[in-house]
Amino acid sequence: MYKFNHKISLVILNWNGIDYLKTFLPFIIQYSNIPGVTIVVADNGSTDDSVNYIESHFPSIQLICLDKNYGFTGGYNRALQQLNSEYYILLNSDVEVSENWIEPVIKIMDEDTTIAAAMPKILSYSDRHKFEYAGASGGFIDKLGYPFCRGRIIGDIEEDKGQYNDVRDIFWASGTAMFIRSELFIGYGGLDEDFFAHMEELDLCWRLKNGGYRIVVVPDSVVYHVGGGTLPNNTPRKIYLNYRNNIMLLLKNLESIQLIPIILTRMILDGFSACVYLLKMNFSFFWSVIKAHMSFYL
């Protein structure tokens, strides 16, 4: 049996996020200081004072310094290659964790080796009675490839009243706080760096599901997410990645018989979206959709 140096590597990917580190690292240390957990900050070529801050204030944290910003995908791929543990936890820098957030997830994964990845319930940092956009209580995908969550459909975000507190299979676990078996992360090629950021976790989970593995949500574990920390919502860059990566996701993972009709339908619907942006005179968003399709064709 393969020998790991650690049970769990908890890895926070940081890029110019010193303010988030100051705010959230104390909670991470307080509530993640359990046997077998190694806390790691992977710095993605920050130009602020993040590295010096960690070295001077949190010397017990393992620090991995990358030479430039490789995005969410490339940053994590390069950092996780340097760690030898049974489980990885990918945690955004703008997340406040809570007491007992690791144990229930690892317990379920230890008991069932068919579970490749899992996630906690994700609530809003600014409104703690509501779910947070990036994951809520488990991710799904509809027949046309549009992602949604238990607790969030498009922009409609529900209040958390305990309605999604059951452990259940989901389609994708949010990269905001993803627990994953290291052997499967590596064995399935990690995160696709063509995505750079956005929907890369959907792609990885889809590949794992195609391999016969399960993805689950464990709502006994709760974290609070700020959201839009390093790539704000509703910017031309985010719109571009949203449209481009969603079509790439379908191209990579759909069965061949579904590929042409679904992607053709999506292209038409994307065209309608671009026209709406144009009618609203939001030229940067319109151009982002056009660029996304051009990139996809290339």
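1. Topic: the overall build of the protein
Item 1. For the protein, the helix and strand inventory stands at nine helices and 13 strands.
Item 2. Expected size for 298 residues packed as a compact globule is a radius of gyration near 19 Å; at 19 Å, the protein falls within 12% of this value.
Item 3. Along the first, second and third principal axes, the C-alpha atoms of the protein reach 55 × 40 × 40 Å.
Item 4. For the protein, with 298 residues in total, the buried portion stands at 53%.
Item 5. In the protein, of all internal contacts separated by at least 6 residues, the share reaching a separation of at least 24 is 74%.
Item 6. As displayed, the protein offers around 13800 Å² of accessible surface, 55% of which is attributable to carbon and sulfur atoms.
Item 7. Averaging the positions of the 25 positive and the 33 negative side-chain charges in the protein gives two centres separated by 5 Å.

2. Some details on the packing of helix H7 (residues 236-253) against helix H9 (residues 283-297)
Item 1. Axis separation between H7 and H9 bottoms out at 8 Å; the angle between their running directions is 30 degrees. It follows that H7 is roughly parallel to H9 by the angle criterion. For the pair H7 and H9, the crossing hand works out as right-handed. Residues Pro236, Ile239, Tyr240, Tyr243, Arg244, Ile247, Met248 and Leu251 of H7 lie in contact with H9, whose contacting residues are Ser284, Phe285, Ser288, Val289, Lys291, Ala292, His293, Ser295 and Phe296.
Item 2. Considering only residue class, the contact of H7 with H9 consists of 11 nonpolar, four polar and two charged.

3. Structural notes on a nonpolar patch on the surface
Item 1. Together, Leu264, Ile268 and Phe272 line one region of the surface with nonpolar side chains, adding up to about 330 Å² of accessible area.
Item 2. Position of Leu264 relative to the elements: it lies in helix H8 (residues 256-279).

Parameters and conventions
Residues numbered from 1 in each chain as written. Predicted model: local features only at pLDDT ≥ 70, side-chain atom pairs only at ≥ 80, totals over all residues. Heavy atoms only, no water. Helix = DSSP H or I, 4+ residues; strand = E, 2+ residues; numbered from the N terminus. Rg over C-alpha atoms; globule rule 2.2 N^0.38 Å. Buried < 20%, exposed > 50% of the residue type's maximum accessible area, 1.4 Å probe, protein only. Contact = heavy atoms within 4.5 Å. Areas by Shrake-Rupley, 256 points an atom, 1.4 Å probe, with all protein chains shown as cover. Lys, Arg positive; Asp, Glu negative; His and termini not counted. Charge placed at Lys NZ, Arg CZ, Asp CG, Glu CD. Axes fitted to C-alpha atoms, helices over the stretch in contact; angles between N-to-C directions. Parallel < 35°, antiparallel > 145°, perpendicular 65-115°, else oblique. Left-handed = near helix turned anticlockwise from the far one by under 90°. Nonpolar A, V, L, I, M, F, W, Y, C, P; charged D, E, K, R; others polar. Patch = residues over 30% accessible without salt bridge, like charges linked within 9 Å, V, L, I, M, F, W, Y side chains within 5 Å. Salt bridge = Lys/Arg side-chain N within 4 Å of Asp/Glu carboxyl O.

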